[in-house]
Amino acid sequence: MANIQRRKSVTASIEGVRVGSDAPVVVQSMTNTDTADVRATVQQVSALARAGSELVRVTVNNEEAAAAVAPIVEQLDQQGVRVPIVGDFHYNGHILLKKYPECARALAKYRNNPGNVGIGRKDDNNFSTKIQVAVENQKPVRIGVNWGSLDQAFLLA
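Residues numbered from 1 in each chain as written. Predicted model: local features only at pLDDT ≥ 70, side-chain atom pairs only at ≥ 80, totals over all residues. Heavy atoms only, no water.

Trainee: Explain the overall build of the protein here, please?
Mentor: Helix and strand counts for the protein stand at 6 helices and 7 strands. In the protein, the succession of helices and strands from N to C terminus is β-β-β-α-β-α-β-α-α-β-α-β-α. Taken over 157 residues, the protein has a buried fraction of 41%. Put simply, of all contacts in the protein between residues at least 6 apart along the chain, 67% involve residues at least 24 apart. (Helix = DSSP H or I, 4+ residues; strand = E, 2+ residues; numbered from the N terminus. Buried < 20%, exposed > 50% of the residue type's maximum accessible area, 1.4 Å probe, protein only. Contact = heavy atoms within 4.5 Å.)

Trainee: Would you explain the packing of helix α1 (residues 38-50) against helix α2 (residues 63-78) in this entry?
Mentor: Packed helices, taken two at a time, are described by their axes: the angle between them and the distance between them. For the pair α1 and α2, the least separation of the axes is 10 Å and the interaxial angle reads 45°. Taken as axis vectors, α1 and α2 run oblique relative to one another. The two elements α1 and α2 cross, and the hand of that crossing is right-handed. Seen from α1, the contacting residues are Val38, Thr41, Val42, Val45 and Ser46; seen from α2, they are Ala68, Pro71, Ile72, Gln75 and Leu76. Its residues assigned to classes, the contact of α1 with α2 comprises 7 nonpolar, 3 polar and no charged. (Axes fitted to C-alpha atoms, helices over the stretch in contact; angles between N-to-C directions. Parallel < 35°, antiparallel > 145°, perpendicular 65-115°, else oblique. Left-handed = near helix turned anticlockwise from the far one by under 90°. Nonpolar A, V, L, I, M, F, W, Y, C, P; charged D, E, K, R; others polar.)

This is the structure we're talking about:
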């Protein structure tokens, strides 16, 4: 087996799951249900946790999804499913986190796509608001990079 050198980084704890630096690699999955469908999302998160997922991401892209997050986490807790739920936000995450504080409290971590942050701008009030909510709720934030979330003009430069 190849010896892989991992770069040093800060280790974050997401409800007891250590991520980064010398922490073991963890399995993170993402639901493909409509998060607003509480029953279907609870079933899928539960199945993912049983299959070994240590973190589960859900899309929080509209008001219905934001309103469903706390009931999802509550039902999982009632079923004894202990897996941190990560909110995957898009352009309106700052609005949803402020309007639905129970969502902000229930999530274990907030994830943002870099394409949804003011690239090249020294100020981004939307992202700043999200960070303020994260600080108030003592939640980690990750800016997740993937091909689809990057500005294509930037990639081709």
